[in-house]
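So you can see what is in the structure, the chains are spelled out below.
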Amino acid sequence: MIPAGAPIVTAAQMRAAEDAVFRTGVSQAALMERAGEAVAREAARFAMGRPILVLAGPGNNGGDAYVAARLLHANGHDVALVATGAPKPGAAAEMHARWRGPTSSLYAARPRPVLIDGLFGTGMARPLERGLAAVFADLASHADFTLAIDLPSGIDTDSGDDLGAPRGIDATVALGALKPAHLIGAGLERSGHVILADIGIPVETRSRTVARPSLATPGIHSHKYTRGLVAVIEGAMPGAARLSARAAMAGGAGYVVLAGGEPWGAGPDALVRREVGTSEDLAEFLGWDRIDAIVLGPGLGRDRRAEAFLRTAFAAPKPLVLDGDALSLLGTGAARWLQSRTAPTWLTPHAGEFDRMFAGQGSKIDRTLAAAAETGATILHKGPDTVIASPKGDVRILSGASPWLSTAGTGDVLAGILGAQVAQGGKGVAPAEAAVWLHARAAGLAGAAFIADRLIDPLAEAITECL
Ligand SMILES: NC(=O)C1=CN([C@@H]2O[C@H](COP(=O)(O)OP(=O)(O)OC[C@H]3O[C@@H](n4cnc5c(N)ncnc54)[C@H](O)[C@@H]3O)[C@@H](O)[C@H]2O)[C@@H](O)CC1
Ligand SMILES: Nc1ncnc2c1ncn2[C@@H]1O[C@H](COP(=O)(O)OP(=O)(O)O)[C@@H](O)[C@H]1O
Ligand SMILES: [K+]
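Please read all numbers here as calculations on a predicted model, not as lab measurements.

Thresholds, definitions, all that
- Residues numbered from 1 in each chain as written.
- Chains lettered and ligands numbered in written order.
- Predicted model: local features only at pLDDT ≥ 70, side-chain atom pairs only at ≥ 80, totals over all residues.
- Axes fitted to C-alpha atoms, helices over the stretch in contact; angles between N-to-C directions.
- Helix = DSSP H or I, 4+ residues; strand = E, 2+ residues; numbered from the N terminus.
- Parallel < 35°, antiparallel > 145°, perpendicular 65-115°, else oblique.
- Left-handed = near helix turned anticlockwise from the far one by under 90°.
- Contact = placed C-beta atoms within 7 Å.
- Pairing = 2+ DSSP bridges.
- Near = placed C-beta within 6 Å.
- Nonpolar A, V, L, I, M, F, W, Y, C, P; charged D, E, K, R; others polar.
- UniProt positions renumbered as here; feature names shortened; annotations may be inferred.

On to the packing of helix 14 (residues 410-423) against helix 15 (residues 429-446), then. Between helix 14 and helix 15, whose axes approach to 8 Å, the crossing angle comes to 135°. Our classification of the angle between helix 14 and helix 15 gives oblique. In this structure, helix 14 crosses over helix 15, and the sense of that crossing is right-handed. Side by side, helix 14 and helix 15 meet where Val-413, Leu-414, Ile-417, Leu-418, Gln-421 and Val-422 of the first sit next to Pro-431, Ala-432, Ala-434, Ala-435, Leu-438 and His-439 of the second.

All right, on to the sheet that holds strand 16 (residues 385-389) then. Overall, mixed pairing links the 10 strands, which are arranged 8-17-16-15-14-13-12-9-10-11 in an open sheet. Every other strand in the sheet has two partners, leaving strand 8 (207-209) and strand 11 (272-275) as the edge strands with one partner each. The mean inter-strand angle of the sheet, taken between neighbouring strand axes irrespective of direction, is 20°. Pairing analysis gives five bridges linking strand 16 to strand 17 (residues 395-399), with the strands arranged antiparallel. Paired with Thr-386 across the strands is Leu-398, a residue of strand 17.

Taken together, the neighbourhood of ligand 1 is formed by 27 residues, with Gly-59, Asn-60, Asn-61, Gly-121 and Gly-123 sitting nearest. Listing elements by their share of the shell around ligand 1, those giving two or more residues are helix 2 (28-47) and helix 3 (60-74). In terms of residues, the shell around ligand 1 owes the most to one element, helix 3, which gives five residues. When grouped by side-chain class, the residues that make up the shell around ligand 1 number 11 nonpolar, 10 polar and six charged.

Lining the immediate surroundings of ligand 2 are 17 residues, of which Lys-382, Pro-384, Leu-405, Ser-406 and Gly-411 lie closest. Here the element with the most residues in the shell around ligand 2 is helix 14; it accounts for four residues. In the shell around ligand 2, the residues fall into six nonpolar, nine polar and two charged.

The subject of this paragraph is the UniProt feature "domain: YjeF N-terminal" (unreviewed entry) in the chain. UniProt annotation of "domain: YjeF N-terminal" (unreviewed entry) refers to residues 14-207 when read in the numbering used here. Helix makes up 37% of residues 14-207 and strand 18%, with an end-to-end C-alpha separation of 13 Å.

With that settled, the discussion passes to the sheet that holds strand 4 (residues 114-118). Read across the open sheet, the seven strands follow the order 3-2-1-4-5-6-7; overall the sheet is parallel. Every interior strand has two partners, whereas the edge strands, strand 3 (103-105) and strand 7 (193-197), have only one. Here the average twist between neighbouring strands, direction ignored, is 25°. Sheet topology places strand 1 (residues 52-56) next to strand 4; five bridges connect them, and they run parallel. Bridging across to strand 4, Leu-53 finds its partner in Leu-115. Sheet strands touched by helix 2: strand 1, strand 4, strand 5 (145-149), strand 6 (171-175) and strand 7. Its angle to strand 6, the strand with the most contacts, is close to 160°.

Structure, rendered in structure tokens:
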């Protein structure tokens, strides 16, 4: 479980936020005391009287560990402490001096049922040294419960990359704010259950975890054309577009048209069908002024007709959601294609599609932000750690949705829900955030081993939770 709607900061942003607090006259030792207190509180809750081993590194993360050890000991817990070396001068050394119990060296450490990891936090600058990683992994594998301070030691704060962190960390106390390490890459799995501890550090950031959206009940004068009209374009694999269309209907649109080859094909009777054979037909249909959003790409195919459809949709001055084959057709030329757009565009690539479209260095967040800036589109970079980024630099992350979503067609459902949210007039990250939340919630409600079609019915309950 990851806190919803919570700010996410990089290591540098966290340092800046701490510095701002120091300028108000709060000392580093006072902040460390608050951090250690939060850790001790959580550790006591999980330890339930079992013996505790605290690992303290050389920096401030170690400083927090000394505070936690002192407070746990004072509250009657059986605490042993292991340090990797002398703490750096300042608050960490001060907290070490205030720890009255014995300090053992890492290589003499014996496993205990509860392990607290205070080796490294946001100051992790390079991979864990191999011997240290091995001892840490051994201690973690023998503990019944492992709690990391701030973030698991051996995870890069800003990218979530694995720098030697062990598996099996059960919980992490995130100090002050979430860091990318809790949400993306290897860090998502390695952090375990994330507990956000408020230690009184105000943070400024445009990045947050996805929150439950606030949706509106239709107004008394609403009618089908005022609640968003979505046009979903069918292609070579009609099932995919049908999934998107059904998801758009259940995702809150007032009217959904499936435009394609089969005017009387299968699907709910409430789904309106329109025969569209050529790109000229499509251009004529998309000229309909009632259309509020277009969804193109699920099952589109990649032939010349698909490309002609893509060009036609691009030319329509309507909000556009592009998924699947449309993204493959854009390929590395996405930014060039998108220059011609006059209305907003949302792209929903999975990792494979994203990597084919965009080069770029850095974390999943950095790359998604860069792609949004380059294309002018809002990007939903899907996966177990879905990162949404807008050209303005807003970021929303939803991590830890049901892994049962890893089945064909669930992305088509997401594209349809997004189409419905866009058609209702949302801009930038807002409709994307709502769509990703509803999709993940529907997956949670669908339970285990569902097929993509089964995500559609629970959308009504998910929406009800947002009213
Ligand atoms: N700055 C503050 O006032 C506060 C910081 N807090 C804690 O401080 C942490 C950050 O502290 P620091 O900036 O001291 O950083 P860390 O404690 O994460 O580690 C920094 C030290 O480890 C060394 N180091 C980095 N990677 C290494 C590696 N792989 N192998 C060996 N040595 C390595 C660095 O050179 C540095 O000496 C946070 O994560 C949090 O736990 C909290 O106490 C709250 C207040
Ligand atoms: N392991 C996972 N945990 C959580 N969500 C996942 C996982 N794997 C996939 N998803 C989600 O499922 C959807 C899959 O989309 P996509 O790969 O486009 O599938 P398709 O093209 O078959 O519809 C995305 O929303 C993605 O975020
Ligand atoms: K740590």
